[in-house]
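Read off the chains here:
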Amino acid sequence: MLKMNLKALACALSLTITGLAQAAETASAPIVIKFAHVVADNTPKGQGALLFKKLAEERLGDRVKVEVYPNSSLFGDGKEMEALLLGDVQLLAPSLAKFEHYSKPIQIFDLPFLFDDIAAVDRFQASPHGQELLSSMEDKGITGLAYWHNGMKQLSSNKPMYEPKDARGLKFRVQASNVLDEQFKALRANPRKMSFAEVYQGLQTGVVNGTENTWSNYFSQKVHEVQPYFTHSEHGVIDYMVITNTKFWKGLPDDVRSELKAIMEEVTVEVNRQADDLNREARDAIAKAGTSEIIELTPEQRAKWREAMQPVWKKFEGEIGADLIKAAQAANKP
């Protein structure tokens, strides 16, 4: 009996030691944060992801390991949100157009000609209304951490476009957004939902005749090689919301979460500064390439585009909220 008790005690002790060793190993293992996105490294979002990785690993040492996956190399447009909710990726920075199924008010960022410029976007996002939108999806398991700029949108096409009537009948690639669908329908054009990775080929083969995007995205994806015309319209904004899985974020040690939040705020300032620089440089590079004509609208021509797209505001006012739209309009005044 004594031998059996000693044997059992030895076995239990061995299991305890093994368990403690495994626990220690687990405790010492770094927290892996996979940051996936769909654009190139030399875009504002790409640079932001790399800077976040650099600062997080510098300041948190071996407690955190950040893995960055650009150019849809881990998950593409159609799969990344599902991957986040399943815990297969911890950080994403989708376009704001991707959130209409999770929070209808976020559709405000897709309304055409709502913001006069990127400074107005900044003011709205920093306001209480803008900050509330970051937490508007937590009941669905998504926590917003920051807004990152890409920039103001321009139109591209296979024919010159000076006035809204010039867009009639053309097939435009759009993100998966009902607002953007209606924006092009208001022009009597045909919207075609297509993932970002497919845009170049779609334009090259004529599946679509045009699209809307920022100068930096156009240049990084070589869209100027397959689009002979760009209209400098500034008709909307393409920004991103950096998001994480709510359960993952709240489950982090308090000090790690606090440091990552501070790093994200620091990176956001730099991303938004770089976005302006990159878009200016990209526009200049497209002009110098000589493959495309950049059409500058007169104030009268731009007013016609705005008037043609204005009905989209009313169509989505009920889903977005009239007060939120008024708050965004107020942000146009410094």
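Residues numbered from 1 in each chain as written. Predicted model: local features only at pLDDT ≥ 70, side-chain atom pairs only at ≥ 80, totals over all residues. Heavy atoms only, no water.

### Overview of the overall build of the protein chain
Thought 1: Each helix and strand counted, the protein chain has 13 helices and eleven strands in total.
Thought 2: If you line up the protein chain on its principal axes, its C-alpha atoms span 95 × 45 × 30 Å.
Thought 3: Here the protein chain, with 334 residues, has 49% of them falling under the buried criterion.
Thought 4: Accessible surface, the protein chain as shown: approximately 15,600 Å² in total, 54% of it carbon and sulfur.
Thought 5: The distance from the centre of the 40 positive side-chain charges to the centre of the 44 negative ones in the protein chain is 4 Å. (Helix = DSSP H or I, 4+ residues; strand = E, 2+ residues; numbered from the N terminus. Buried < 20%, exposed > 50% of the residue type's maximum accessible area, 1.4 Å probe, protein only. Areas by Shrake-Rupley, 256 points an atom, 1.4 Å probe, with all protein chains shown as cover. Lys, Arg positive; Asp, Glu negative; His and termini not counted. Charge placed at Lys NZ, Arg CZ, Asp CG, Glu CD.)

### A closer look at helix α2 (residues 44-60)
Thought 1: For α2, with 17 residues, the first-to-last C-alpha span of 24 Å sits near the 24 Å given by 1.5 Å per residue.
Thought 2: What α2 keeps buried is the set Pro 44, Lys 45, Gly 46, Gly 48, Ala 49, Phe 52, Leu 55, Ala 56 and Leu 60. (Expected span 1.5 Å × (residues − 1).)

### What about helix α11 (residues 299-309)?
Thought 1: Among all positions in α11, only Gln 301, Trp 305 and Met 309 are buried. One side of α11 holds all its buried residues, which, seen down the axis, span an arc of 70°. Exposed positions of α11 whose direction lies more than 90 degrees from the buried face are Pro 299, Glu 300 and Glu 307.
Thought 2: Packed against the buried residues of α11 are β5 (154-157), α6 (178-185), β11 (293-296) and α12 (311-320). (Arc of directions from axis to C-beta. Contact = heavy atoms within 4.5 Å.)

### A word on the pairing of β5
Thought 1: Alternating positions in β5 separate into two faces, Gln 154 and Ser 156 on one and Leu 155 and Ser 157 on the other, with burial throughout.
Thought 2: Strand direction decides the pairing type here: β5 and strand β8 (residues 210-213), joined by four bridges, are antiparallel. Looking across to β8, one finds that Gln 154 is bridged to Asn 213.
Thought 3: Across three bridges, β5 lies against strand β9 (residues 229-232) in antiparallel orientation. In the strand pairing of β9, Ser 156 is matched with Phe 230. (Pairing = 2+ DSSP bridges.)

### Brief notes about the confidence of the model for the protein chain
Thought 1: Of all residues in the protein chain, 92% attain a pLDDT of 70 or more, and the chain-wide mean is 91.
Thought 2: For residues 15-26, every residue scores under 50 in pLDDT, and the model assigns this stretch zero contacts once sequence neighbours within four places are set aside. (pLDDT = per-residue confidence, 0-100.)

### Comments concerning the packing of aromatic side chains
Thought 1: Taken as a whole and assessed by the stated rule, the structure comprises ten aromatic pairs.
Thought 2: When the ring of Phe 109 is compared with that of Tyr 147, the centres are 5.7 Å apart and the planes differ by 55°; the resulting orientation is tilted. Placement of Phe 109 in the loop between β3 (91-92) and α4 (118-126) and of Tyr 147 in strand β4 (residues 142-152) is noted, with a sequence separation of 38 residues between them.
Thought 3: Phe 109 gets classed as buried once you look at its relative accessible area, which sits at 1%.
Thought 4: Put simply, the rings of Phe 109, Phe 115, Phe 124 and Tyr 147 touch in pairs and so form one group of aromatic residues.
Thought 5: For Lys 45, the ring lying beneath its charged end belongs to Tyr 240, and the centroid distance is 3.7 Å. (Phe/Tyr/Trp six-rings, centres within 6.5 Å; stacked < 30°, edge-to-face > 60°. Lys NZ or Arg CZ within 6 Å of the ring centre and 35° of its normal.)

### Overview of the environment of Leu 114
Thought 1: Residue position: Leu 114 is located in the loop between β3 and α4.
Thought 2: Contact partners of Leu 114, with chain neighbours within four places excluded, come to Ile 108, Trp 313, Ile 325, Ala 328, Gln 329 and Asn 332.

### Topic: the sheet that holds strand β10 (residues 237-245)
Thought 1: Read from one edge of the open sheet, five strands run β2-β1-β3-β10-β4, paired in mixed fashion. Each end of this open sheet is capped by a strand with a single partner; those strands are β2 (64-69) and β4.
Thought 2: Examined bridge by bridge, strand β1 (residues 31-36) and β2 share six bridges and lie parallel to one another. Each bridged residue has a counterpart across the sheet, and for Ala 36 the counterpart in β2 is Tyr 69.

### Digging into the side chain of Asp 110
Thought 1: If you trace the backbone, Asp 110 turns up in the loop between β3 and α4.
Thought 2: It is Lys 153 that comes nearest to the buried, bridge-free Asp 110 among opposite-charge side chains, at 5.0 Å.
Thought 3: Engagement of the side chain of Asp 110 in a polar contact is seen with the side chain of Ser 177, the distance being 2.9 Å.
Thought 4: Among all residues touching Asp 110, those that are not within four sequence positions of it are Ala 97, Ser 177, Val 179, Leu 180 and Gln 183. (Salt bridge = Lys/Arg side-chain N within 4 Å of Asp/Glu carboxyl O. Polar contact = N/O pair within 3.5 Å; in protein donor to acceptor, adjacent residues only side chain to side chain.)

### Some points on the side chain of His 37
Thought 1: Inspection of the secondary structure puts His 37 in the loop between β1 and α2.
Thought 2: Taking the relative accessible area as the measure of exposure, His 37 reaches 1% and is therefore buried.
Thought 3: In this structure the side chain of His 37 is engaged in a polar contact, spanning 3.1 Å, whose partner is the backbone oxygen of Val 39.
Thought 4: Contact partners of His 37, with chain neighbours within four places excluded, come to Lys 45, Gly 46, Ala 49, Val 68, Tyr 69, Pro 70, Asn 71 and Ser 72.

### A closer look at the nonpolar core
Thought 1: Ile 108, Phe 109, Leu 111, Phe 115, Phe 124 and Met 241 are the most contacted members of the largest nonpolar core, which has 38 residues in total.
Thought 2: Counting only elements with at least two residues in this core, the list comes to α3 (80-86), α4, α5 (128-134), β4, β10, α12 and α13 (322-330).
Thought 3: Here Ile 108 is in contact with Leu 114, Phe 124, Leu 133, Ile 320, Leu 324, Ile 325 and Ala 328, once residues within four sequence places are set aside. (Core = buried A, V, L, I, M, F, W, Y, C linked by side-chain atoms within 4.5 Å.)

### Looking at the pattern of salt bridges
Thought 1: Counted under the stated rule, the structure contains 16 salt bridges.
Thought 2: Arg 273 is paired through a salt bridge with Glu 270; the nearest N and O atoms lie 2.6 Å apart. Separated by three residues within a single helix, Arg 273 and Glu 270 lie in helix α10 (residues 254-289), roughly one turn from each other.
Thought 3: On the basis of relative accessibility, which here comes to 23%, the residue Glu 270 falls in the partly exposed class.
Thought 4: A salt bridge links Asp 277 to Arg 280, with the shortest nitrogen-to-oxygen separation between them at 2.6 Å. Taken together, the residues span about one helical turn, with Asp 277 and Arg 280 both in helix α10 at a distance of three residues.
Thought 5: One network of salt bridges, with partners in common, ties together Glu 270, Arg 273, Asp 277 and Arg 280.

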